[in-house]
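Take a look at the letters that make up each chain.
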Amino acid sequence: NGRLGTGNENDCNLPVKLDLDVKFKAIESGSVHQCAISENNELYSCGDYKYNGDGNKEDKLTLTKNSFFDGIFFKKISIGPGGYHTLALNVAGNLYTWGHNRVGQLGLGHTSGSIKIDSADHIIPTPNFIEFFNNKKIIDISSGWGHSAVITSNHNVYVCGRNTKGQLGIDPNICEENIQGFPCIKTFTKIDALSGLKCNKVDCGGLHTAVKTQDGSLYLWGDNSENQLGSNIFDFESNNISTEDSYNYEPQLIDTEPYIENVINMSLGSNVTYLITQFN
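## Regarding the overall build of the protein
Moving on, step 1. Scanning the protein for helices and strands turns up 0 helices and 20 strands.
Moving on, step 2. The C-alpha radius of gyration computed for the protein amounts to 19 Å, which stays within 12% of the reference 19 Å derived for 280 residues, consistent with globular compactness.
Moving on, step 3. A principal-axis box enclosing the C-alpha atoms of the protein has dimensions of 55 × 50 × 45 Å.
Moving on, step 4. In the protein, of all internal contacts separated by at least 6 residues, the share reaching a separation of at least 24 is 51%.
Moving on, step 5. Approximately 13200 Å² of the protein is accessible, and the part contributed by carbon and sulfur atoms is 45%.

Structure (structure tokens):
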């Protein structure tokens, strides 16, 4: 699909420098597309036409400026691990979303989309401005495999999308189900359990999520089938829950041994959690 932006569809086994006259400061790669932000804050994309956000009906083989965003400038983009949906945050703090929408991960319902692969798969190929945040400036965004999260300037955390393992920080049992029976939330919804905290960074993994506060505290929740929450933190065994089925939908402060102090940054993959911390 041209997802590498090299101008062709050939696989590359070694890094190849792209022949572009533009310099970039951020890049995100999904399963079949990628997006980048140039030094002058313009959004570029390439890859599968259903997901690159350009609105055309042909794949883009070269990393080129997204014509949909003429005159709109960006500071952050996010595509989940192996993901098919994109969040883009402009310099004014406004949110745009596009791509796969089976479980409402775009915040636009889960039955809308001009491209339908089958009765369950709905794709929105062009960016949509999320009006819900029209009066709420956003400071951080993150895409998971099938869920999304944002933090507003008043430090509230909003989520939407797949919630099969409690990755939204909300009880899956109270969520509606999509046509395939997956618990999900189709519009951005505040995580009440994090209200009052000075949250300033969020990161979504495959089926788990992390939030950092201004004082460096870390909150973690979601899937724990590969111990990505830290099995020494959550006592699943005493509750007769096997590791394979274990998850925790309630955001938990990570403050037990090994003690996590002053988290600077975090990165969540499909089944792993990485932290950069500073110890006193």
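From this point on, the discussion continues.
## Quick look at the sheet that holds strand β13 (residues 176-177)
Moving on, step 1. With respect to topology, 5 strands assemble into an open sheet ordered β10-β11-β12-β14-β13, the strand pairing being antiparallel. The open sheet has two edge strands, β10 (138-143) and β13, and neither has a second partner.
Moving on, step 2. Of the strand pairs in this sheet, strand β12 (residues 157-162) and strand β14 (residues 183-190) are connected by 4 bridges, and their pairing is antiparallel. Bridge pairing in β14 places valine 159 opposite threonine 189.

## Quick notes on the pairing of strand β1 (residues 24-29)
Moving on, step 1. Two strands pair when backbone bridges link them, and β1 and strand β2 (residues 33-38) are joined in this way by 5 bridges, in the antiparallel orientation. By the bridge assignment, alanine 26 is partnered in β2 with isoleucine 37.
Moving on, step 2. In sequence, β1 turns back onto β2 through a hairpin of 3 residues.

## Here we look at the state of the cysteines
Each disulfide consists of one covalent bond between the sulfur atoms belonging to two cysteines.
Moving on, step 1. Throughout the structure, instances matching the rule amount to 0 disulfides.
Moving on, step 2. Cysteine cysteine 46 is unpaired, with the sulfur of cysteine 35 as its nearest cysteine sulfur at 7.9 Å.
Moving on, step 3. Unpaired in terms of disulfides, cysteine 199 finds its nearest cysteine sulfur in cysteine 204, a separation of 13 Å.
Moving on, step 4. Residue cysteine 199 is classed as buried on the basis of its relative accessible area, which comes to 0%.

So, how was this worked out
- Residues numbered from 1 in each chain as written.
- Predicted model: local features only at pLDDT ≥ 70, side-chain atom pairs only at ≥ 80, totals over all residues.
- Heavy atoms only, no water.
- Helix = DSSP H or I, 4+ residues; strand = E, 2+ residues; numbered from the N terminus.
- Rg over C-alpha atoms; globule rule 2.2 N^0.38 Å.
- Contact = heavy atoms within 4.5 Å.
- Areas by Shrake-Rupley, 256 points an atom, 1.4 Å probe, with all protein chains shown as cover.
- Pairing = 2+ DSSP bridges.
- Disulfide = S-S within 2.5 Å.
- Buried < 20%, exposed > 50% of the residue type's maximum accessible area, 1.4 Å probe, protein only.

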